[in-house]
Amino acid sequence: MRTRVVPILALASALLAPPAGVNAQEPPDLSKAEIKVTHVAGNIYMLEGSDAGNIAASVGEDGIVLVDDEYAPLAEKIAAALKGLGVTDKPVRFIINTHYHFDHTGGNLPFADAGATLIAHDNVRTRLASGGTAGTGGSMHFEEVKRAQGALPVITFDRDVSVHLNGEDIRALHYPAGHTDGDAVIFFSKANVVHMGDDYVQYGFPFIDVRSGGSVRGMIAACEATLAAVPADVKIIPGHGAVSNPAEVREYVQMLKDTSAVVEKALRAGRTLDQMKEDKILARWSAKYSNDFIDTNSFIDTLYYSLTNQRDAPFRKHN
Ligand SMILES: [Zn+2]
């Protein structure tokens, strides 16, 4: 199956720090974006728009709880789509962020202004408050802007937190150093749904934000721990992509393990990063997993910097 190119990747590419002499691209026009709503199970829905991070929504008699909130300009459309379900007229009461990246937290400010309470891991608040550089450790990097005070989570947690509404125990559980250092996987145990944030994505080789404390080993651990904690018939919402299942996550984890093993072997053999790219050591996986955001060489960068624990490696010039 060919990897689908996800437009968030286009946006992220637009925000990549351009090499000298190249102008930054304009961000895409979101005015025409439409919100697609998918019923997942029970009172849990998945919302997609402009291919930012997937939103999970618990919609019921107590109101609405969101997991992630896409981009600020889409907030009104998201609110209208939720109201259009005809389940409740009550507002969004709580939002849990799976991690700090702009395509998952852009709506924090407008929703908080409208009365929602923002919840996230401690490191999400820290990174939203400071801004900083996100990236693989190699040439793929972009700036996360410092956010307004009103966009910051007001409730933070270290290990886990639960929101008890709509007859559901919505539990956010932190897994360290995966996609970033502030990831949470969100479990809706009654509806049998889990939102994995960007620890699991379907656009191919994943972006692992090594610059923000992410690591491939942590991502593997988060996926395996999640799989061990859920029933076989669970519905899995990825950070990007369609509603999924444990078999697909297992295949993804296997790819992460196999590609890591190849890079570790090359490291043991004393191969340099450039030699690994010249040797095309991940060629086996390119057709299925290389994508416009994280191509095969970017993923070699990711694994190299992650496995050698170089979080602040100097940026390498674009070719
Ligand atoms: Zn992300």
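Now for a description of the structure that goes with this document. (Residues numbered from 1 in each chain as written. Predicted model: local features only at pLDDT ≥ 70, side-chain atom pairs only at ≥ 80, totals over all residues. Heavy atoms only, no water.)

### A short note on the overall build of the protein chain
- A count of helical and extended segments in the protein chain gives 10 helices and 14 strands.
- Of all 319 residues assigned to the protein chain, the portion counted as buried reaches 56%.
- Look at the contacts in the protein chain between residues 6 or more apart in sequence, and 68% of them connect residues 24 or more apart.
- Total accessible area computed for the protein chain in this model is approximately 13400 Å², and 51% of it derives from carbon and sulfur atoms. (Helix = DSSP H or I, 4+ residues; strand = E, 2+ residues; numbered from the N terminus. Buried < 20%, exposed > 50% of the residue type's maximum accessible area, 1.4 Å probe, protein only. Contact = heavy atoms within 4.5 Å. Areas by Shrake-Rupley, 256 points an atom, 1.4 Å probe, with all protein chains shown as cover.)

### Focus: the sheet that holds strand β11 (residues 168–174)
- A sheet is described by the order of its strands in space; here five strands give the open sequence β10-β11-β12-β13-β14, paired in mixed fashion. Of all strands in the sheet, those with a lone pairing partner are β10 (160–165) and β14 (235–237), marking the two edges. The average angle at which neighbouring strand axes cross in this sheet is 15 degrees, direction not considered.
- Here six bridges tie β10 to β11, and the two strands are oriented antiparallel to one another. Paired with L165 across the strands is E168, a residue of β11. (Pairing = 2+ DSSP bridges. Axes fitted to C-alpha atoms, helices over the stretch in contact; angles between N-to-C directions.)

### Some words on the coordination of the zinc ion
- Around the zinc ion, the protein contributes the donor atoms H99 (NE2), H101 (ND1), H179 (NE2) and D198 (OD), at 2.1 to 2.3 Å from the metal centre.
- Viewed at the metal, the four donor atoms of the zinc ion are separated by angles of 84 to 171 degrees, and the geometry they form is irregular.
- Motif for the zinc ion, donor spacing along one chain: H-x1-H-x77-H-x18-D. Highlighted residues: H99 in the loop between β5 (92–96) and α3 (102–105) and H179 in the loop between β11 and β12 (184–188), separated in sequence by 80 residues.
- What makes H99 buried here is its relative accessible area of 0%.
- Residue H179 is classed as buried on the basis of its relative accessible area, which comes to 0%. (Donors = N, O, S within 2.8 Å, 3.2 Å for Na, K, Ca; no water. Tetrahedral: all angles 85-135°; square planar, octahedral: opposite > 155°, others 65-115°.)

### Remarks on the sheet that holds strand β3 (residues 55–60)
- Pairing is mixed across the open sheet formed by seven strands, whose spatial order is β1-β2-β3-β4-β5-β6-β9. The open sheet has two edge strands with one neighbour each: β1 (36–41) and β9 (155–157). Recorded for the sheet is a direction-independent mean angle of 20 degrees between the axes of neighbouring strands.
- Bridge count for β3 against strand β4 (residues 63–67) is five bridges, and the pairing is antiparallel. Paired with A56 across the strands is V67, a residue of β4.

### Some thoughts on the environment of L256
- Looking at the secondary structure, you find L256 in helix α7 (residues 246–268).
- For L256, a relative accessible area of 0% puts it in the buried group.
- Each C-alpha atom, one on L256 and one on I220, is 6.9 Å from the other, the two residues being 36 residues apart in sequence.
- Residues in contact with L256, not counting those within four places in the same chain, are P206, V216, M219, I220 and F299.

### As for the pattern of salt bridges
- Across all of its chains, the model carries 10 salt bridges by this definition.
- For E48, the salt bridge goes to K36, with nearest N and O atoms at 3.6 Å. Of this pair, E48 sits in strand β2 (residues 44–48) while K36 sits in strand β1; the two residues are 12 residues apart in sequence, bridging distant segments of the chain.
- Linking D181 and R127 is a salt bridge whose minimum nitrogen-to-oxygen distance equals 2.8 Å. Of this pair, D181 sits in the loop between β11 and β12 while R127 sits in helix α5 (residues 122–130); the two residues are 54 residues apart in sequence, bridging distant segments of the chain.
- The class for R127 is partly exposed, based on a relative accessible area of 23%.
- Ionic contacts of the salt-bridge type, sharing partners, join the residues R159, D160 and R171 into one network. (Salt bridge = Lys/Arg side-chain N within 4 Å of Asp/Glu carboxyl O.)

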